[in-house]
Amino acid sequence: MGIVLRLARHGCTNRPFFHLVAIERKRARNSGAYLEQLGTYDPMPNDHNEKLVSLNLEGIRAWLAKGAELSKPVAMLLGQAGLLPIHPTNYIHARRAKLKKATIERMAEEAAKQAEAAKEDEG
């Protein structure tokens, strides 16, 4: 059977927490019948606006050497960690975030100009 490295969801409603596990491809994501837990990922930012990740890099390298495949979220996570090349989707997400930030800043500037123009018209 094929082995895949994927994220198994744990945690409560609206408060996800993931375990990075090596599991047989046909098993359910949260079946608990994983072969090895290789790390954790907490996507909710903490007080310092950090998303916490803990990885067993030696174990991950060992499973990749044995021919294990990666799910897309795991490939993105390992790319950001520097174990693999950066996944192309990461570049797309970064570009969208940059454009969104620029749009918000531009809208704030326009709103400030309109408010200033409204004050000048009144006075």
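These lines cover the structure that appears in this document, whether it is placed above or below. (Residues numbered from 1 in each chain as written. Predicted model: local features only at pLDDT ≥ 70, side-chain atom pairs only at ≥ 80, totals over all residues. Heavy atoms only, no water.)

Some points on the nonpolar core
Note that soluble globular proteins tend to have their nonpolar side chains buried in a common cluster.
Here comes step 1: Ranked by size, the top nonpolar core spans 14 residues in total, and within it Leu5, Leu20, Leu38 and Trp63 carry the most contacts.
Here comes step 2: Those elements giving two or more residues to this core turn out to be strand E1 (3-12), strand E2 (15-24), strand E3 (36-42), helix H1 (57-65) and helix H2 (72-81).
Here comes step 3: Not counting residues up to four positions away in its chain, the partners in contact with Leu38 are Leu5, Leu20, Val21, Ala22, Ser54, Leu55, Asn56, Gly59, Ile60 and Trp63. (Core = buried A, V, L, I, M, F, W, Y, C linked by side-chain atoms within 4.5 Å. Buried < 20%, exposed > 50% of the residue type's maximum accessible area, 1.4 Å probe, protein only. Helix = DSSP H or I, 4+ residues; strand = E, 2+ residues; numbered from the N terminus. Contact = heavy atoms within 4.5 Å.)

Digging into the sheet that holds strand E5 (residues 69-70)
Here comes step 1: Read across the sheet, five strands follow the order E4-E3-E2-E1-E5 without closing on themselves; strand pairing throughout is mixed. For this open sheet the edge positions go to strand E4 (52-55) and E5, each flanked by a neighbour on one side alone.
Here comes step 2: Both E3 and E4 contribute to a ladder of four bridges, which runs antiparallel. By the bridge assignment, Asp42 is partnered in E4 with Leu52. (Pairing = 2+ DSSP bridges.)

Observations regarding unusual backbone geometry
Here comes step 1: The phi angle at Asn14 is positive, at roughly 65°, despite the residue not being glycine.
Here comes step 2: Looking at where Asn14 falls in the secondary structure, it is placed in the loop between E1 and E2.
Here comes step 3: In this model, Asn49 sits at a positive phi of 60°, which is unusual for a non-glycine residue.
Here comes step 4: Structurally, Asn49 is set in the loop between E3 and E4.

Side note on the packing of aromatic side chains
Here comes step 1: One pass over the full model with this rule turns up one aromatic pair.
Here comes step 2: Aromatic side chains Phe18 and Tyr41 sit 6.2 Å apart centroid to centroid with 25° between the ring planes, which places their arrangement in the stacked category. Within this pair, whereas Phe18 is found in strand E2, its partner Tyr41 is found in strand E3, the two being separated by 23 residues in sequence. As far as the burial class goes, Phe18 and Tyr41 line up, both buried.
Here comes step 3: Sitting above the plane of the Trp63 ring, Lys66 keeps its charged end 4.5 Å from the centroid. (Phe/Tyr/Trp six-rings, centres within 6.5 Å; stacked < 30°, edge-to-face > 60°. Lys NZ or Arg CZ within 6 Å of the ring centre and 35° of its normal.)

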